[in-house]
Amino acid sequence: VFIIGILLRMTVSLSNLSNLSDLARKRVAVAAYYFVPGVVFASWASRIPDVKQMLHLSNGQLGTVLFAIPIGQLLMMAFSGILVSRFGSKKMLVLSEVLYALVLFSIGSSTTVFHLILSLIVFGMMANLMNIATNTQACLVEKMYGRNIYCSNISLFLFFFVILQPLIEMSIYNRYIIKDDSQFE
């Protein structure tokens with residue numbers, strides 16, 4: 001019920017975007033681009049136990065495989081600024097957000113550890129490019145506002161990842177997971 005209320009309020013507020021000033025629409029757009037990575041990363045994080053089980057990984061092996069994400073981020077770090085400067089933060093933001101979400105399909109369809117590692121490296125690379133492009137857009141909008149609005153944007157990522165995503169998972173788990181209490185009788 002809580003989640004449905006939030007989604008309804010978001011729908012109502014999005015329908016009123018035409019009434020907002022151009023600057024306010026830009027702020028809403030940048031805020032949405034902070035929200036999307038929270039949704040995508042939370043989706044991946046909730047699937048880690050399933051991927052571990054599917055590929056029969058030990059805790060140590062899983063930790064090693066997950067290290068592919070920061071490796072991808074480090075590999076892209078040198079190129080993200082160049083790409084954003086050359087092609088513009090808006091184009092790089094749209095491209096990286098779409099690829100960031102699409103790479104989830106590659107992660108989910110990984111049948112080998114090697115494929116999973118490659119997918120996670122690309123996931124990390126797109127996360128870094130998206131982060132640089134999003135922050136560049138946020139700085140541009142903040143400059144247009146003439147005051148500090150940066151923290152309110154980052155809070156949307158954290159809101160979904162820390163608060164909303166666990167609530168969604170708990171509601172799904174409680175509603176759809178069959179509990180076998182026979183072992184406790």
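This structure is a prediction, so every number in the text was calculated from the model and none was measured.

**Re the confidence of the model for the chain**
Now for step 1: Residues with a pLDDT of 70 or more make up 69% of the chain, whose mean pLDDT is 76.
Now for step 2: The lowest-confidence element of the chain is helix 1 (residues 2–15), averaging 45 in pLDDT; the highest-confidence one is helix 4 (residues 68–87), averaging 93.
Now for step 3: Contacts from residues 1–14, a stretch scored under 50 in pLDDT, to residues over four places away or in other chains number 8 contacts.
Now for step 4: pLDDT under 50 marks residues 181–185. Its contacts with residues more than four places away, or in other chains, come to 0 contacts.

**Brief notes about the environment of S106**
Now for step 1: Inspection of the secondary structure assignment puts S106 in helix 5 (residues 89–108).
Now for step 2: Judged by its relative accessible area of 23%, S106 is partly exposed.
Now for step 3: With 10 residues separating them in the primary sequence, S106 and L116 have C-alpha atoms 7.8 Å apart.
Now for step 4: In this structure S106 touches H115 and S119, once residues within four positions along its chain are discounted.

Criteria and thresholds
Residues numbered from 1 in each chain as written. Predicted model: local features only at pLDDT ≥ 70, side-chain atom pairs only at ≥ 80, totals over all residues. Heavy atoms only, no water. pLDDT = per-residue confidence, 0-100. Helix = DSSP H or I, 4+ residues; strand = E, 2+ residues; numbered from the N terminus. Contact = heavy atoms within 4.5 Å. Buried < 20%, exposed > 50% of the residue type's maximum accessible area, 1.4 Å probe, protein only.

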